[in-house]
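# Structure assessment
The chain contents come next:
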Amino acid sequence: MSRTVLRYVAHTINRVPENGITAELFCAADECGLSSGPEGNPDDAQDWALRHTGRNPGHDLFRREYTDHARVIRAE
Ligand SMILES: [Zn+2]
């Protein structure tokens, strides 16, 4: 009978800001379905939402998605 010994190594995970953030805003109005598309600059995604509401009264609620990068590092 063999026996396996598992050794766990502690790691940490941290955001890597230099790899950027992607933002996308989705209009939540019924049957609209439009979005800003993924934007590397979150301000551009928000500007799209402001323009969208300006052109479409009542389309004033948005679901926001942000993605970033994170690196896992072995703890010393
Ligand atoms: Zn809309």
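Figured I'd write up the structure that's included with this text. (Residues numbered from 1 in each chain as written. Predicted model: local features only at pLDDT ≥ 70, side-chain atom pairs only at ≥ 80, totals over all residues. Heavy atoms only, no water.)

Let us now look at the nonpolar core. Grouped together as the largest cluster of nonpolar side chains are nine residues: Ala23, Leu25, Cys27, Ala29, Cys32, Ala45, Trp48, Ala49 and Phe62. Those elements giving two or more residues to this core turn out to be strand S2 (22–27) and helix H1 (42–55). Other than its neighbours up to four places away in sequence, alanine 29 contacts Gly58, His59 and Leu61. (Core = buried A, V, L, I, M, F, W, Y, C linked by side-chain atoms within 4.5 Å. Buried < 20%, exposed > 50% of the residue type's maximum accessible area, 1.4 Å probe, protein only. Helix = DSSP H or I, 4+ residues; strand = E, 2+ residues; numbered from the N terminus. Contact = heavy atoms within 4.5 Å.)

Okay, the packing of aromatic side chains next. Tallying each qualifying case throughout the model produces one aromatic pair. For the pair tryptophan 48 and phenylalanine 62, a centre-to-centre distance of 5.8 Å together with 80° between the ring planes defines the contact as edge-to-face. Of this pair, tryptophan 48 sits in helix H1 while phenylalanine 62 sits in strand S3 (residues 62–67), and the two are 14 residues apart along the sequence. Its end group placed over the ring of phenylalanine 26, arginine 63 keeps NZ or CZ at 4.2 Å from the ring centre. (Phe/Tyr/Trp six-rings, centres within 6.5 Å; stacked < 30°, edge-to-face > 60°. Lys NZ or Arg CZ within 6 Å of the ring centre and 35° of its normal.)

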